[in-house]
Amino acid sequence: MAYMHIGKDFTPPDVPGKVTGRIKYAEDYTREGMVYARLLTSPIPHARVVDIDASEALEMEGVLGMLTADDCYPDGEPQSTGLKMLTNEPTLVGEPILAIAAVDEKTAETAISKISVTFERLPFVLDPLDSLQPDGADAYNGGNTFVFRQGFAEEKWSSDQVASFRAGNEPTAEPQQTVAYGDLEASFSESSYVYEGTFTNAGYPHMSMEPRSALAYWEDGKLYLHGGSQSLTAFADGIAGVIGVPKEDLVFVNAATGGGFGQRARAGSIPVYGVPAKLSQKINRPVMMRVTREEEFTIGGARQGLTGWIKVGFKPDGVMAACDLWIVSDNGGKGGGADAYSAADCISVLYQADAVRFRGTAIGTNTAHRGAQRGPGQNQIAPIISPILDVAADELGISRFDIRKINTPMNGDVGGPQRTPFTSAYMPEALELAAEKFGWEERQSRRRQTNGSKVIGLGIGQGYHNAGRSGMDGIVMMGADGRLKVHNGVGNLGTYSYASTSRAAAEVLKMPWERVDIITGRTDLHLPITSPQDGSNSIFTNTRTFYGAAQDMLAKMKEIAANDLGGAVEDYDISNERVHQISDETVGMTFAEVAARGIEIGGKYTGSAELPEELAEWTQIAVSRLAGTGFMGVFHDPQHEGNPPGFTVTCIEIELDKETGKYEILDLINVAESGTIMHPKGMENQLVGGAVWGIGLSGYERHLYDPQNGMPASTGYWQSKVPTYLDTPVKIQTGWVDLPDPENPVGARGVGEPAQGSVSAALTAAITDALDGHIFGASPITADMIINHVAGTTENSVPLAQNNFRG
Amino acid sequence: MNPQLTRRRFIKGVIASGAAATTTATWYSATGQSRPSGFVERLVRINVNGQIRNVDVEPQETLASTLRYKLGLTGTKLGCNRGECGACTVLVNDVPTYACSVLTHSMKSGRIETVEGLESANGELHPVQQAFVEELSPQCGYCTPGQVMAAVGLLRANPNPSREEARHALSGNICRCGSYDSYLDGVMRATELTG
């Protein structure tokens, strides 16, 4: 289909501000009378605050006030998972206990040094399996796990059960969750190759470049909060509840966010924005709270660590017959995360196994709080399952490419334990495209070639994430100047989806891009609700809403023209910013004229009447404030049917040095299958960015904690190493299938999350290949692990554990 | 008191130094006295984007703090504030420098350039900035000013770098979004724009 905007490159309006430094992030703002907050955080991993003596601090010149958990929660702290604004019951090092406001940060820091907090030390634990021991410590007050709608509880295994799992055997304890489909036993009996083993995925910090600083002040009864979130209106909608301010009285200002990969999508993941808000309210001054890199580590959250057992069976023809997966999740210090189930869902989707069983138990540790992080579950399992496919292929005499083609999802298939049909699925095309562009077959002759201590490894991997939600709202406006204003509540996290989704509205109205204004960046510009921008959903979700809002405006344009100029609505079309009769284009009105006429008529044309009944409360507030100010199109998106998948395929060639354990990625291609491509350069960015994340997942990033004192040892970029320019290929190739999805009006689906998973899958497969098929069953695979393997040390002699060098 | 220092000579020294305000720092500057061990002046003159700026700084104040919080040049970002990430990269005498890791009072003889100083007077973007726009190099943008400055520093030292050379030159700048490939595309595009 020939589009005016879709599939075309453009410059999103915020890019010049990024290269000049003009665009403002939360900490770049100032406000007259602004003072500064600093946090006192827990120095120990599990404790209870017995007493706070801040008398000396509060008497200091320049100190303006203090905020404690008692101020935030006068009726007591909520007994739920997730970080709180402040707490008297810290369950991880670095958890905020109190905040001091002062005229400058130095004074605030000095005041904090004069505060005496008496803690009651409580037992702590760093590894879920340690906590499952009969005498193991519990991470939380009230247990080591959280049961939905029931609260905290204690879960214990026998010592023999823990020891047996650590020794590599299938867990025998009762899982908290079991999901299954198909006849597992029968499917395994049909298998001619069965792999069985344990694995670990290390948790690791989110580490967005911009620390979660925030500025808050109150004016005319409204709270103005400058912060950074992946989402804009969805975050504001949630944080209003966290702080306890009516939605209509919150102005969230967020022109740009310095990175968001899951942990910055929702209000619950950044409750500390409430600290400057409540301090500001208490002392009646604007309060800036700058967050340090170390604080970002604990406030910022992390990926769940997984400790698991997997059994996979393949039929003689390479079909994945069965997969049995048992995972103990590390829920960290505050609970949260559902990665393990998603791992099983991913295997079901990507490999279409005849039978799948997932069993899981989630256990807390006194480590960083966990939550969504780029492909939660799907991406952790990618480097585990991909080498298993390769070894199975070698055992069965099938090529590593063919075993993926044999098991590939495609149109008409279903996936996951719920057996949900895909809206569309073109994974076979993605596999073919990646293999062709990479020259996969031609490179097979290089496989395992050696040059001194160096050996070539080839890997292919697939990634998946559900990539679309629906049920949100859209608003477009037009004034008498005829410019289209897209009121966009999508956050500016770096994907440029706030701009890409706006182009769906421009497409409907055939508007030149230079005649379109994106209204965004602060919620007092009256923006509709969106879904939180996690789960690769923005493109799918919000092209639907803005397409719908523009369609509503288009229908209203035709109505006005038909009423004023005669004829029926269906007699009219649009072109060149005019609505005109199809039979005689000279009979018509310019967009500016029709907008002015709509404003004159009022009612439904200006959002004052006949609104969709299903609009969210947040959108209703926005519409009510816009009503009468312009010509309006407004839309509530109904729920879609099926699972819109985001797929990627990656091919990698590495050269691994058996003497150093290091490897260089010689070539890498990352190919997307995510429906219609909205913005090619934006797609490239997602694919190369995901590739870097995949390299980090497979090779570098992990939590480390001091086992004696529970102190985090990976609070910086170099300790839980984020890949640098030198860890990534000189050039990353990209590609895409570009076939439309029928459940989206412009055919688009998301891709951000699987772009990491397929790279991690391919890289781990390449390492396995270079090492003659050795499966580590771990992410990351570090240089020391490779050296130990080459030296003959059995990697599995290191027991399964989290938050240490093994996992 | 040093017998050679008279009030008249002190005032003449202040005038000669061009300082607008007298501090102990200018006193020593004017008199040519050697400074006591551990002495750090408060008011310093630094050259930022071609302008001489008099700034009152704390002894331990970093250049990044001065730029952001004293001079309002918030284009210089603080990602880690401890020399790990490169988001605060500025040029000092054309050399990419982590502004979080140098003290402002050590910058008196340096020619400091920040991202705000790259555009021409008529608002035309520097070729590196223009190339980064054309190649959509930034994602979240938080590391972008540092990447821009590192790239500008590279191109001044080596106007025609290979992609491999650019990769090494920018390797002190982390991008958590993983936009390295797009930044390298931008650097190579900038070499074309500069001819």
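Keep in mind it's a predicted model, so treat the numbers as computed, not measured.

Some details on the confidence of the model for chain B
Now for step 1: On average, residues of chain B score 85 in pLDDT, and 79% of them reach the 70 mark or higher.
Now for step 2: Under a pLDDT of 50 for its full length, residues 1–32 of chain B has, in the predicted model, 29 contacts with residues more than four places off or in other chains.

Regarding the nonpolar core
Residue and element names in this part refer to chain A.
Now for step 1: Membership of the largest hydrophobic core comes to 87 residues, with the highest contact counts inside it found for Met-478, Leu-484 and Leu-509.
Now for step 2: Broken down by element, the residue count for this core peaks at nine residues, all from helix H17 (residues 538–565).
Now for step 3: Residues Val-349, Ala-353, Phe-401 and Phe-647 belong to the second largest nonpolar core, which totals 55 residues.

Brief notes about the interface of chain B and chain A
Now for step 1: Taken residue by residue, the interface counts 52 residues in chain B and 58 residues in chain A.
Now for step 2: Between chain B and chain A, roughly 4,400 Å² of surface is buried when both sides are summed, and carbon and sulfur atoms account for 55% of that area.
Now for step 3: In terms of surface lost to chain A, no three residues of chain B exceed Leu-136, Arg-167 and Arg-176 of chain B, which account for 21% of the buried area on that side.
Now for step 4: Taken together, the links from chain B to chain A amount to 10 salt bridges.
Now for step 5: Between Glu-27 of chain A and Arg-68 of chain B there is a salt bridge whose closest N-O contact spans 3.5 Å.
Now for step 6: Across the chain B-chain A interface, the total number found is 35 residue pairs in polar contact (both at pLDDT 80 or more).
Now for step 7: Contributions of two or more residues to the side of chain B that touches chain A are made by helix H3 (63–70), helix H4 (127–134), helix H5 (144–157), helix H6 (163–169) and helix H7 (180–193) of chain B.
Now for step 8: The greatest single-element share of the side of chain B that touches chain A, amounting to six residues, is contributed by H7 of chain B.

What to know about the sheet that holds strand E1 (residues 35–41) of chain A
All names here are of chain A.
Now for step 1: Spatial strand order, E3-E4-E1-E13-E10-E11-E12: seven strands in an open sheet with mixed pairing. Edge positions in the open sheet fall to strand E3 (63–68) and strand E12 (250–253), since each of these has one partner strand only. The average angle at which neighbouring strand axes cross in this sheet is 20 degrees, direction not considered.
Now for step 2: Across four bridges, strand E11 (residues 222–226) lies against E12 in parallel orientation. Note that in E12 the partner of Leu-223 across the bridge is Leu-250.
Now for step 3: Here helix H4 (residues 105–113) sits on the sheet in contact with E1, E3 and strand E4 (96–102), set at roughly 30 degrees to E1.

Some thoughts on the sheet that holds strand E23 (residues 516–519) of chain A
Residues and elements named next belong to chain A.
Now for step 1: Spatially, E23-E22-E21-E27 is the arrangement adopted by the four strands of the open sheet, whose pairing is mixed. Two strands close off the open sheet at either side, each with one partner strand: E23 and strand E27 (631–636). Neighbour to neighbour, the strand axes of the sheet diverge by 20 degrees on average, direction disregarded.
Now for step 2: Contacting strand E21 (473–478), strand E22 (484–487) and E27, H17 crosses the sheet at an angle of about 135 degrees to E27.

A look at the pairing of E27 of chain A
Residue and element names in this part refer to chain A.
Now for step 1: A large share of E27 lies buried, amounting to five of its six residues.
Now for step 2: As paired elements, E21 and E27 share six bridges and run antiparallel to each other. Considered in E27, the bridge of Met-478 is made with Phe-631.

What to know about the packing of aromatic side chains
Residue and element names in this part refer to chain A.
Now for step 1: Using the criterion set out here, one finds 19 aromatic pairs over all chains in the structure.
Now for step 2: Look at Phe-235 and Tyr-273: their rings are 5.7 Å apart centre to centre, the planes differ by 75 degrees, and that puts the pair in the edge-to-face class. Of this pair, Phe-235 sits in helix H8 (residues 233–243) while Tyr-273 is found in the loop between E12 and helix H9 (274–283), placing the two residues 38 residues apart along the sequence. The exposure classification of Phe-235 matches that of Tyr-273, with both residues buried.
Now for step 3: Following the ring pairs from residue to residue traces out a cluster consisting of Tyr-140, Phe-146 and Phe-152.
Now for step 4: Looking at Lys-311, its charged tip hangs above the ring of Phe-188, at a distance of 4.5 Å from the centre.
Now for step 5: Here Arg-503 stacks its cationic end above the ring of Phe-10, 3.9 Å away from the centre of that ring.

Some details on the environment of Asp-473 of chain A
All names here are of chain A.
Now for step 1: Positionally, Asp-473 belongs in strand E21.
Now for step 2: For Asp-473, the contacting residues outside a window of four places in its chain are Pro-528, Ile-529, Thr-545, Leu-615, Ala-616, Thr-619, Phe-635 and His-636.
Now for step 3: Among the polar contacts made by the side chain of Asp-473, one reaches the side chain of Thr-619 at a distance of 2.6 Å.
Now for step 4: For Asp-473, the side chain forms a polar contact with the side chain of His-636, separated by 2.6 Å.

Observations regarding the pattern of salt bridges
Residue and element names in this part refer to chain A.
Now for step 1: All told, the structure shown has 75 salt bridges over all chains when counted by the stated rule.
Now for step 2: Residues Glu-170 and Arg-359 are paired through a salt bridge, measuring 2.8 Å at the closest nitrogen-oxygen approach. Of the two residues, Glu-170 is situated in the loop between helix H6 (159–166) and strand E8 (177–181) and Arg-359 in strand E16 (residues 355–363); the sequence distance between them amounts to 189 residues.
Now for step 3: In this structure, Arg-469 and Asp-534 form a salt bridge, with 2.9 Å as the shortest nitrogen-oxygen distance. Here Asp-534 lies in the loop between E23 and H17 and Arg-469 lies in the loop between strand E20 (454–466) and E21, a separation of 65 residues in the sequence.
Now for step 4: Residue classification places Arg-469 among the partly exposed positions, given a relative accessible area of 27%.
Now for step 5: Three or more residues joined by partner-sharing salt bridges are found here, namely Asp-390, Asp-394, Arg-400, Arg-404, Arg-447, Arg-448, Asp-769 and Asp-772.

Rules used throughout
All chains use their own residue numbering, which begins from 1 and follows the written sequence. Labels are handed out in written order, letters beginning with A for the chains and numbers beginning with 1 for the ligands. It should be noted that, the model being predicted, local features are given only for residues of pLDDT at least 70 and side-chain atom pairs only at 80 or more, the latter also being counted only at that level, while totals for whole chains, interfaces and linings use all residues. The side-chain values count all of the structure's non-hydrogen atoms but skip hydrogen atoms and water molecules. The pLDDT score gives, residue by residue, the confidence of the prediction method on a 0 to 100 scale. Residues are treated as being in contact if the distance between any of their heavy atoms lies within 4.5 Å. Take the buried Ala, Val, Leu, Ile, Met, Phe, Trp, Tyr and Cys residues and link them wherever side-chain atoms come within 4.5 Å; each set so joined is a nonpolar core. Three labels apply to residues, based on accessible area from a 1.4 Å probe with only protein chains included: buried if under 20% of the type maximum, exposed if over 50%, partly exposed otherwise in between. Here a strand is any run of E in DSSP of at least two residues, a helix any run of H or I of at least four, and the numbering for each starts at the N terminus. Put simply, buried area is the surface a 1.4 Å probe can reach on two separate parts but cannot reach once they are joined, added for both. By salt bridge we mean one thing: a side-chain nitrogen of Lys or Arg within 4 Å of a carboxyl oxygen of Asp or Glu. By the criterion applied in these results, polar contacts are pairs of N or O atoms within 3.5 Å in which, for protein atoms, one can donate a hydrogen and the other can accept it, and in which residues neighboring in sequence qualify only through two side-chain atoms. Criterion used throughout: strands pair if DSSP finds at least two bridges between them. Comment: axis = line fitted to C-alpha atoms, over the contacting stretch for helices; angle = value between 0 and 180 degrees taken between N-to-C directions. The criterion for an aromatic pair is that two Phe, Tyr or Trp rings (for Trp, the six-membered ring) have centres within 6.5 Å, with stacked assigned to planes under 30 degrees apart, edge-to-face to planes over 60 apart and tilted to the rest. Put simply, a charge is over a ring when the Lys NZ or the Arg CZ is close to the ring centre, within 6 Å, and near the line of the ring normal, within 35 degrees.

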